[in-house]
Amino acid sequence: GIQVEQSPPDLILQEGANSTLRCNFSDSVNNLQWFHQNPWGQLINLFYIPSGTKQNGRLSATTVATERYSLLYISSSQTTDSGVYFCAVLKYNFNKFYFGSGTKLNVKP
Amino acid sequence: NAGVTQTPKFRVLKTGQSMTLLCAQDMNHEYMYWYRQDPGMGLRLIHYSVGEGTTAKGEVPDGYNVSRLKKQNFLLGLESAAPSQTSVYFCASSDRTNTGELFFGEGSRLTVL
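Quantities reported herein were computed from a predicted structural model and do not represent experimental measurements. (Residues numbered from 1 in each chain as written. Chains lettered and ligands numbered in written order. Predicted model: local features only at pLDDT ≥ 70, side-chain atom pairs only at ≥ 80, totals over all residues. Heavy atoms only, no water.)

Asks: Could you clarify how one ought to interpret the sheet that holds strand β7 (residues 59-64) of chain A in this entry?
Replies: In any sheet, the strands associate via hydrogen bonds between backbone groups, in a parallel or an antiparallel arrangement. Residue and element names in this part refer to chain A. Here we have five strands laid out as an open sheet, ordered β1-β3-β8-β7-β6, and antiparallel in their pairing. Single-partner strands in this sheet number two, and they are β1 (4-7) and β6 (52-56). On average, adjacent strands in this sheet sit at an angle of 15° to one another, irrespective of strand direction. In this structure, β1 lies alongside strand β3 (residues 19-25), joined through four bridges in antiparallel fashion. Paired with S7 across the two strands is R22, which belongs to β3. (Pairing = 2+ DSSP bridges. Helix = DSSP H or I, 4+ residues; strand = E, 2+ residues; numbered from the N terminus. Axes fitted to C-alpha atoms, helices over the stretch in contact; angles between N-to-C directions.)

Asks: I would appreciate a short explanation of the packing of aromatic side chains in the present structure.
Replies: Each aromatic ring pair is characterised by the separation of its centres together with the angle its planes make. Under the counting rule described, the total for this entry stands at eleven aromatic pairs over all chains. Considering the side-chain rings of Y33 of chain B and Y35 of chain B, the 6.1 Å spacing of their centres and the 25° angle between planes classify their relative orientation as stacked. Since its relative accessible area comes to 1%, Y35 of chain B is described here as buried. An aromatic cluster is built from F35, F97 and F99 of chain A together with Y33, Y35, Y48, F90 and F104 of chain B, whose rings are joined through pairwise contacts. Above the plane of the ring of Y69 of chain A lies R22 of chain A, whose end atom (NZ or CZ) is 4.2 Å from the centre. (Phe/Tyr/Trp six-rings, centres within 6.5 Å; stacked < 30°, edge-to-face > 60°. Buried < 20%, exposed > 50% of the residue type's maximum accessible area, 1.4 Å probe, protein only. Lys NZ or Arg CZ within 6 Å of the ring centre and 35° of its normal.)

Asks: It is not clear to me how the side chain of T103 of chain A should be interpreted in this structure. Could you clarify?
Replies: Residue and element names in this part refer to chain A. The residue T103 is located in strand β11 (residues 103-108) in this model. Engagement of the side chain of T103 in a polar contact is seen with the backbone oxygen of P8, the distance being 2.6 Å. Filtering out sequence-adjacent residues up to four positions away, T103 remains in contact with Q6, S7, P8, P9, L11, L21, G83, V84 and Y85. (Polar contact = N/O pair within 3.5 Å; in protein donor to acceptor, adjacent residues only side chain to side chain. Contact = heavy atoms within 4.5 Å.)

In structure tokens, the structure reads:
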């Protein structure tokens, strides 16, 4: 399988601060996604980003496939950003996604 | 376009009872997955399917059975529920003919007493 490591495991921010979450993976992949699990348990798709950079409002993500890592940037954090952020990768011949253990983010007002 | 829908959302069972969780997707996706998530933990793959009529074991398949009789539906069954199966269950689907992006349902919270 593929090892997926996320860092940091826990992060506490003051509202308005910026943060960077990292996802390292052990093999070449065909798909990489970032998810946000909100405090109500819903898993929300943030980015589909096997390579390159994407932005969506205050969030952006960059994947450097050749170096096997991805970064999720959160700018001007808000309390609604709290929750757990998961990175997941897929290699087609494995038929299943491999998830990191997540980064738990707590944004304080 | 509802995406991935799970029923029921909540269920309480007694030890030894059986039940079936239904996952339905309206995106014509080939691949479907069942995960469980225990409190404070990540997602663990139970079973998955790469197409109608196919199923395969994931990381934690014991105590569960699945069926994929129709492309849009993926059923997860517990034949004899145990307290260790208390968890939140997530269904997901992906379109491997396009980007392979994974989409989740809202989850089903199961408590086994």
